[in-house]
Amino acid sequence: MQTLFYDLSYALRQLRKTPGLALLAILTLALGVGANTAIFTVIENVLLRPLPYANSDRLLYIGPGDKTGFATTSWLNYRDIRNQSQQLEAVAGYSEDIGVVEGHDSSQSVVAPRITTNLIAMLGAKPLLGRSFTEAEGQAGGPQVVMLSEGIWRQVFHADSGIVGTAIKVSGKSYTVIGVMPDSFRFPEQVGPEMSKGVWLPVQPTAEMLKDRGYHFFNVVGELRPGISTAQEQGELDSIAAHIAKTDSGNSYAFRATLYQEVLTGSMKPVLYALFAALALVLLIACANVSNLLIARCLGRQQEFAVRAALGAGRVRLIRQLLSEGIVLSLFGCFAGVMLAQLAMMLVHKLPEGTIPRAESIGIHWTVVLVLAAIAILTTLLSSLLPALLVARSNPQAALQAASRGIGSRTVSGKLSGWLVMGEVALSALLLVGTGLLFHTLWNLQQSRLGFEAAHITAFSVMPENSAGFSGMTVSEDTGNAPPSVATLTYRPVLEAVRSVPGVESAALVTSPPLSGMDINTSFEVVGEAKDKADKKDGRISAVSGDYARTMGTPVLRGRMIDDSDVATSPFVVVINDTLAKKYFAGKDPLQKQIDLGGKNTGMIRPYTVVGVLADQVDTSVGGDIQPFILVPQQQIPTTSLFYQALLETKVNFVVKTRGQIPVAADMRSVFHRDAPGFAVDGFQTMQEAVEGNTFSQRLGLYLVGSFAGLAVAMVIAGLYGVLSQLVSYRRREIGVRMALGATRGSVAQLILRQGLILIGAGLGIGLLLAFATARLVKGFLYQVQPLDAWTYAAVVLTLCVIGVFASLLPARRAASIEPMEALRME
């Protein structure tokens, strides 16, 4: 222990003698260690740390077998899985929904999932106040009760400790508050941060849910029994699906079982692992750079090591001394790296909500500390071992004879330094290729056709105080006593008021504007064509008002657009997008064709005539596939239909085009406060912000990988400069002899430049081979770019060649300025 203390003390004294080198080495390691610590912290919290529920490692998500992710199924399928499964400890379900909570001061739109009464108990959660649901509250016609999140309890009800047992209004109906859930409970997790300010309602199955197996609005989760694997449960689900198919002749069913956490974080895995791989390359480059610095430092201490060896110091003793110096550097580097990682965590928490699942709970835990310790040991070995071995194999007698010339070690050290620089160049080339491909991807996304004008358009959402939600939708057969439509009573006059606001050029209502996340689908049939089960027609559906195409700047390709004169008493019409026209009316004129949107099953009894074809707009993502789209006049949706509840009675959006960059939130709230009090108005966002938010992940990836590549390039410049400077130092006498024999200063400079370009070229060749080998791994991140994009590779080659020349210029100039007589006299 005393020897170790002496070695560390001596190491500190040695590093104080060369503060510049020590600071550069510490900063280099800090950048590599800090970035790796930060990204591993995110990986550990998001992918490795279990969700805050009991037995979360056995929690399954069960969805349709032909889809991945959070795909819904029906209540009847849930009931059969619950009743027939023998390998699941418990089975629960939920449906995502929204609602409006009326507080003492104002109405607020909230997420309001409906859950089965056993779900909270299955997850092992305990209410902060009150109790959870009882079985009776989950029956059709059961008591109307609600559980609040801690966030909504504090924000809307001012943390009223007597809230349990009181009645509040949710979507216009009176519900009794039975409990408050703590902030840590945010199930379902896929809803995102909004769940921290939501409410939970019990699922009370409707008539449609109990009779229609195709009524897909339900999510199923189950807890595996101990000792049962996901594969075993998948086999059981296959048997249950086969049994359902026997009772429902003519239809086939399949279910897929996936760990809930994997479904939740599946989309983040490749991104985080790709970033971690990029940062691992940066750490390797950092270690190579520090190793090069220590090799250069060892060359300056050849005399010292030779004397110590001559006085009896063994090779193990010298190796231990250099490793001690490496440990000191690594400890300081790791300490500074932790500071940088903490700064990175602050930046992570400032990312837009929903970018990373449960980002608010991300922090450095003991597992991260252990990984950090492992990184410290790794950096010590990688950066110190080569210099230590170099010193251990040096010849003391030759070193003493040659003084500072280092005979016997120059060749080996020069080769080692050169190899390290080639390795840095190779890894940098790999990062630069990734940066180039991501830049090309982002450029393509920005240049891709949106189908609308993003400038000066603001969208916002509106929810009626009695918002119906998506879970309890039903078809009314009492068409003779159909209630009046909110589209006529409220939205039309409000829309006229919005259009008259100063600065507003045009405005429209649309239930599913581009990039809004609202995705209501429907199947349909073309009237007069034979039904074909193998060719099922479907598409997204949206209710719109007149002026929608003009407001969004989307051209009408054929026919006409929906107008405000398309009311309930006029012929029923629809407009389709170009994708639907090409997919389902290929080679035909879709105008004047009639489509059936479900008939009695959906309450859309009358057929609709196609009167126009609208140019495609992006759907859920910029650069993503365009889906078939049907636009229906808002005033021609029967109030007795399912679509009335889904499109108009739950949540709608308004889009407003202004004359210039004018904020509209205050004016729009004022209009609704005057003309539609009780409506929740929220979610103001310009379409430009929507586009930027939709491409945020690509931009973030470009910025991060670009930063890593920039850091790697800086290290390459430093490494190459150091190696060439050493080369000039080693060959000073040789250069003097060359010049004495007639070599020009230009030829000497070319000699050093050529050496630098050889190192760059060799490393570049290795790096490009690595990029070729890993090309298929990045394909999923690209848009309209091939992984072997020639322009990207050419740019990387040019960049590194320029960098090589730049890093070589100063050492070459120094070599060319050597005076022959002075160099020979020094020898």
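Structure first, text after, so check above.
Thresholds, definitions, all that
- Residues numbered from 1 in each chain as written.
- Predicted model: local features only at pLDDT ≥ 70, side-chain atom pairs only at ≥ 80, totals over all residues.
- Heavy atoms only, no water.
- Core = buried A, V, L, I, M, F, W, Y, C linked by side-chain atoms within 4.5 Å.
- Buried < 20%, exposed > 50% of the residue type's maximum accessible area, 1.4 Å probe, protein only.
- Helix = DSSP H or I, 4+ residues; strand = E, 2+ residues; numbered from the N terminus.
- Contact = heavy atoms within 4.5 Å.
- Expected span 1.5 Å × (residues − 1).
- Arc of directions from axis to C-beta.
- Phe/Tyr/Trp six-rings, centres within 6.5 Å; stacked < 30°, edge-to-face > 60°.
- Salt bridge = Lys/Arg side-chain N within 4 Å of Asp/Glu carboxyl O.
- Pairing = 2+ DSSP bridges.
- Axes fitted to C-alpha atoms, helices over the stretch in contact; angles between N-to-C directions.
- Left-handed = near helix turned anticlockwise from the far one by under 90°.
- Nonpolar A, V, L, I, M, F, W, Y, C, P; charged D, E, K, R; others polar.
- Parallel < 35°, antiparallel > 145°, perpendicular 65-115°, else oblique.
- Polar contact = N/O pair within 3.5 Å; in protein donor to acceptor, adjacent residues only side chain to side chain.
- Patch = residues over 30% accessible without salt bridge, like charges linked within 9 Å, V, L, I, M, F, W, Y side chains within 5 Å.
- Areas by Shrake-Rupley, 256 points an atom, 1.4 Å probe, with all protein chains shown as cover.

## Let's talk about the nonpolar core
- With 55 residues, the main nonpolar core has Ile595, Leu597, Ile630, Ile637, Leu648, Phe654 and Phe672 as its most contacted residues.
- Ranked by the residues each element gives to this core, the list is headed by helix H15 (residues 486-499), at seven residues.
- Among all residues touching Ile637, those that are not within four sequence positions of it are Ala543, Met604, Tyr608, Val632, Phe643, Tyr644, Leu647 and Leu648.
- Judged by nonpolar contacts, the second largest core, of 50 residues, contains Leu275, Leu427, Ala429 and Leu438.

## Looking at helix H7 (residues 230-247)
- Relative to the 26 Å expected for 18 residues at 1.5 Å per residue, H7 spans 26 Å between its end C-alpha atoms, a close match to the ideal helical length.
- Looking only at H7, the buried set comprises Glu233, Glu236, Leu237, Ile240, Ala241 and Ile244. Down the axis of H7, the buried side of the element spans an arc of 145°, and every buried residue falls inside it. Exposed positions of H7 whose direction lies more than 90 degrees from the buried face are Ala231 and Lys246.
- Residues of H7 that are buried in the fold lie against strand E1 (59-64), helix H3 (75-84), strand E3 (88-95), strand E12 (216-224) and strand E13 (255-259).

## Side note on the packing of aromatic side chains
- Scanning all chains against the criterion turns up 18 aromatic pairs.
- With centroids separated by 5.2 Å and ring planes inclined at 80°, the aromatic side chains of Tyr94 and Phe187 adopt a geometry described as edge-to-face. Of the two residues, Tyr94 is situated in strand E3 and Phe187 in the loop between strand E10 (173-181) and strand E11 (199-202); the sequence distance between them amounts to 93 residues. The same class applies to Tyr94 and to Phe187, which are both buried.
- Note on Phe185 and Trp200: the rings are 5.3 Å apart at their centroids and 55° apart in plane angle, and the pair reads as tilted. Of this pair, Phe185 sits in the loop between E10 and E11 while Trp200 sits in strand E11; the two residues are 15 residues apart in sequence, bridging distant segments of the chain. Side by side, Phe185 and Trp200 carry an identical accessibility label, which is buried.

## Section: helix H19 (residues 665-675)
- Every buried residue belonging to H19 is among Met668, Val671 and Phe672, and all of these are buried. Along H19, the residues classed as buried sweep out an arc of 90° about the axis, all on the same side. Of the exposed residues in H19, those oriented more than 90 degrees away from the buried face are Ala666, His673 and Arg674.

## A closer look at the environment of Ala242
- Inspection of the secondary structure puts Ala242 in helix H7.
- Classification of Ala242 as partly exposed rests on a relative accessible area of 39%.
- Distance from Ala242 to Ser252, taken between C-alpha atoms, is 7.7 Å for residues ten residues apart in sequence.

## Quick notes on the pattern of salt bridges
- Across all of its chains, the model carries 16 salt bridges by this definition.
- Where Lys657 meets Glu453, a salt bridge forms, and the shortest distance between an N and an O atom there is 3.1 Å. Pair noted here: Lys657 is in strand E23 (residues 652-658) and Glu453 is in the loop between helix H14 (410-447) and strand E14 (457-463), with a separation of 204 residues, a long-range link.
- On the basis of relative accessible area, Lys657 is assigned to the buried category, the value being 13%.
- For Glu453, a relative accessible area of 39% puts it in the partly exposed group.
- Residues joined by salt bridges that share partners form a network here, namely Glu496, Arg499 and Asp564.

## Some thoughts on the pairing of strand E15 (residues 504-510)
- Among the seven residues in E15, six count as buried, and that is most of the element.
- Pairing of E15 with E23, which is carried by six bridges, proceeds in the antiparallel orientation. Each bridged residue has a counterpart across the sheet, and for Val510 the counterpart in E23 is Asn653.

## So, the environment of Val618
- Here Val618 is to be found in the loop between strand E21 (608-614) and strand E22 (629-633).
- Not counting residues up to four positions away in its chain, the partners in contact with Val618 are Arg449, Leu450, Phe452, Pro514, Leu515 and Ile626.

## Points about the packing of H15 against H19
- Running from amino to carboxyl end, H15 crosses H19 at an angle of 140°, the nearest separation of the two axes being 10 Å. Once H15 is placed against H19, the crossing between them reads as right-handed. Of the residues in H19, those touching H15 at Val494, Ala497 and Val498 are Met668, Val671, Phe672, Arg674 and Asp675.
- Its residues assigned to classes, the contact of H15 with H19 comprises six nonpolar, no polar and two charged.

## Observations concerning the packing of H3 against H7
- One can describe the packing of H3 onto H7 by two numbers: an axis separation of 10 Å at closest approach and a directional angle of 125°. Here H7 runs oblique to H3, going by the angle between their axes. Like other packed secondary-structure pairs, H3 and H7 cross with a definite hand, here right-handed. Counted together, Asn77, Asp80, Ile81 and Gln84 of H3 and Glu236, Leu237, Ile240, His243 and Ile244 of H7 form the full contact between these two elements.
- Taken together, the residues of the contact of H3 with H7 sort by class into four nonpolar, three polar and two charged.

## Re the side chain of Arg186
- Structurally, the position occupied by Arg186 is in the loop between E10 and E11.
- At a separation of 2.8 Å, a polar atom in the side chain of Arg186 contacts the side chain of Asp183.

## Description of unusual backbone geometry
- Residue Pro188 is bonded to the preceding Phe187 through a cis peptide linkage, with omega at 0°.
- Positive phi is not limited to glycine here, since Asp547 has a value of about 75°.
- Turning to its location among the elements, Asp547 is positioned in the loop between strand E17 (537-544) and helix H16 (548-552).
- Here Asp547 falls in the partly exposed class, since its relative accessible area comes to 26%.

## Some details on a nonpolar patch on the surface
- On the surface, Leu27, Leu31, Leu340, Leu343, Met346 and Leu347 cluster together into a nonpolar patch covering about 540 Å² of accessible area.
- Put simply, the parts of the chain that give the nonpolar patch at least two residues each are helix H2 (19-48) and helix H11 (315-348).
- Summarising the element assignment, Leu347 is placed in helix H11.

## Description of the environment of Met209
- Take Met209: it is sitting in helix H6 (residues 207-211).
- The exposure class assigned to Met209 is buried, which follows from its relative accessible area of 8%.
- For the pair formed by Met209 and Trp75, sequence separation is 134 residues and the distance between their alpha carbons is 5.8 Å.

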